[in-house]
Amino acid sequence: MANAGVSGALAADAVTLQLKWVTQAQFGGYYVAKDKGFYEDEGLDVTIKPGGPDIAPPQVIAGGGADVIVDWMPSALASREKGVPLVNIAQPFKKSGMMLTCLKESGVKTPEDFKGKTLGVWFYGNEYPFLSWMAHLNIPTDGGPEGVKVLKQGFNVDPLLQKQAACISTMTYNEYWQVIDAGISEDDLVVFKYEDQGVATLEDGLYVLEDKLKDPAFVDKMARFVKASMKGWEYAREHPDEAADIVLENDATGAQTEKHQRRMMREINKLTEGTDGALDEADYKRTVETLLSGGSDPVITKEPEGAFTHAVTDKAL
């Protein structure tokens, strides 16, 4: 856009981004892009809305509260099948940060050892990768002796600390470090990354409503948004501490600490490495296959159609 840099020549285009969770380094690239003027350079005025336990991004965008949302693909595809026509326009996270973290003393060394154990699992759409992994392992999730007992885990690590579960769900960039900070040493833990187990589903992607993509002006606006956002992610990888500090400045709750955010930023940077933001179709197909094979309760019942587009990233890049 030729005039984007000319101050006052054009009114900036407003974009509202709804995050999947609270203000933290998981979303560092967007906060950096805003702070460093990358959005402004593209003629955009971006509002970033934090999420939280009672905020479902698909509902927010369906209700007109955002132009674009950050969501995990399992949730987005489930929403699409249920009638919220979300389309993935870009995929800033190349890798999954999800894993099961287990206490060594519980006797879990390999996934086969899960049998007969209690495992902590997040719900609200985050359970789908877990259920499909268990289906791949042929381990029932009904609590029988040959199966696993699923404990509905809150967004904390208490079940592991209180030994109510042998393993709990953690993200590489967040809850895992809460376990460490609680005084359990890395040597006392065994971790299983979904990425390494071949059952990873795509996490933080950018989604819009399908009908909006019929408007070339909207596609252009999103292309500029994605371009500036990816520049923000690149900057965060090059300057992780500064990026974490920018996140902290934007944390209105004051809940986050410098130590945790700087550590999180470094872990998040490992997940955004190796992509320019364009969705890799092989990653998409693996996600869909994983979700369709989710056993008795698949997250989606049929192959999605039109669930992603390269139109925005083709234009952005």
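Look up: the structure comes first, before these words.
Residues numbered from 1 in each chain as written. Predicted model: local features only at pLDDT ≥ 70, side-chain atom pairs only at ≥ 80, totals over all residues. Heavy atoms only, no water.

Caption draft 1: Region of the structure containing the packing of aromatic side chains. One pass over the structure, following the stated rule, counts 12 aromatic pairs. A ring pair is formed by Tyr39 and Phe225, whose centres lie 5.3 Å apart and whose planes are at 5 degrees; its orientation type is stacked. With a gap of 186 residues between them, Tyr39 in helix 2 (residues 38-41) and Phe225 in helix 9 (residues 216-238) connect regions that are remote in the sequence. Residues Tyr39 and Phe225 agree in their burial class; the two are buried. Counting every residue linked through ring pairs, the aromatic cluster contains Tyr30, Tyr39, Phe93, Phe225 and Trp233. In this structure, Lys20 packs its charged tip against the face of Trp72, placed 4.6 Å from the ring centre. Lying over the aromatic face of Phe123, Lys152 brings its terminal NZ or CZ to 4.7 Å of the ring centre. (Phe/Tyr/Trp six-rings, centres within 6.5 Å; stacked < 30°, edge-to-face > 60°. Helix = DSSP H or I, 4+ residues; strand = E, 2+ residues; numbered from the N terminus. Buried < 20%, exposed > 50% of the residue type's maximum accessible area, 1.4 Å probe, protein only. Lys NZ or Arg CZ within 6 Å of the ring centre and 35° of its normal.)

Caption draft 2: Fine view of the packing of helix 9 against helix 11 (residues 258-272). Put simply, helix 9 and helix 11 touch, their axes get as near as 9 Å, and they point 125 degrees apart. Considering the angle they form, helix 9 stands oblique to helix 11. For helix 9 against helix 11, the interelement crossing comes out left-handed. Along the contact surface, helix 9 presents Trp233, Ala236 and Arg237, while helix 11 presents Met265, Ile268, Asn269 and Thr272. Its residues placed into classes, the contact of helix 9 with helix 11 shows four nonpolar, two polar and one charged. (Axes fitted to C-alpha atoms, helices over the stretch in contact; angles between N-to-C directions. Parallel < 35°, antiparallel > 145°, perpendicular 65-115°, else oblique. Left-handed = near helix turned anticlockwise from the far one by under 90°. Contact = heavy atoms within 4.5 Å. Nonpolar A, V, L, I, M, F, W, Y, C, P; charged D, E, K, R; others polar.)

Caption draft 3: Molecular detail of the environment of Ala223. Here Ala223 is to be found in helix 9. Residue Ala223 is classed as buried on the basis of its relative accessible area of 4%. Separated by 91 residues in the primary sequence, Ala223 and Ser132 have C-alpha atoms spaced 33 Å apart. When residues no more than four places from it in sequence are discounted, the contact partners of Ala223 are Val312, Lys315 and Ala316.

Caption draft 4: Representation of the sheet that holds strand 1 (residues 13-18) within the structure. Taken in spatial order, the five strands make up an open sheet running 2-1-3-10-4, and their pairing is mixed. The sheet is open, and its two borders are formed by strand 2 (44-49) and strand 4 (86-90), each paired with just one other strand. In this sheet, neighbouring strand axes are inclined to one another by 35 degrees on average, regardless of whether the strands run parallel or antiparallel. Two elements, strand 1 and strand 2, share six bridges in a ladder whose sense is parallel. Paired with Ala14 across the strands is Asp45, a residue of strand 2. Docked against the sheet, helix 9 engages strand 1, strand 2, strand 3 (68-71), strand 4 and strand 10 (205-209), running at close to 65 degrees with respect to strand 1. (Pairing = 2+ DSSP bridges.)

Caption draft 5: The state of the cysteines, seen in detail. Overall, the coordinates contain one disulfide when judged by the stated rule. Bridging Cys102 to Cys167, the disulfide has an S-S length of 2.2 Å. When the S-S torsion is 105 degrees, as for the bridge of Cys102 with Cys167, the disulfide is right-handed. Of this pair, Cys102 sits in strand 5 (residues 98-103) while Cys167 sits in strand 8 (residues 167-171), and the two are 65 residues apart along the sequence. (Disulfide = S-S within 2.5 Å.)

Caption draft 6: Structural context of the pairing of strand 7 (residues 149-152). Note: strand 6 (residues 118-121) against strand 7, four bridges, orientation parallel. Its bridge partner being in strand 7, Val121 is matched across the sheet by Lys152. The β-α-β motif built from strand 6, the intervening helix 5 (residues 128-137) and the parallel element strand 7 has right-handed crossover chirality. (Right-handed = clockwise from strand over helix to strand, strands pointing away.)

Caption draft 7: Just the pattern of salt bridges, in detail. The tally for this structure, following the rule as stated, stands at 18 salt bridges. Glu210 is the partner of Arg80 in a salt bridge, and the nearest nitrogen-oxygen pair spans 2.9 Å. Here Glu210 lies in the loop between strand 10 and helix 9 and Arg80 lies in helix 4 (residues 73-81), a separation of 130 residues in the sequence. Looking at Arg80, the relative accessible area reads 16%, which means it is buried. Close ionic contact of Arg263 with Asp181 constitutes a salt bridge, the shortest N to O distance being 2.6 Å. Note that Arg263 is positioned in helix 11 and Asp181 in helix 7 (residues 175-181), a separation of 82 residues in sequence. For Arg263, a relative accessible area of 16% translates into the label buried. (Salt bridge = Lys/Arg side-chain N within 4 Å of Asp/Glu carboxyl O.)

Scope: geometric values only; no functional claims are made or implied.
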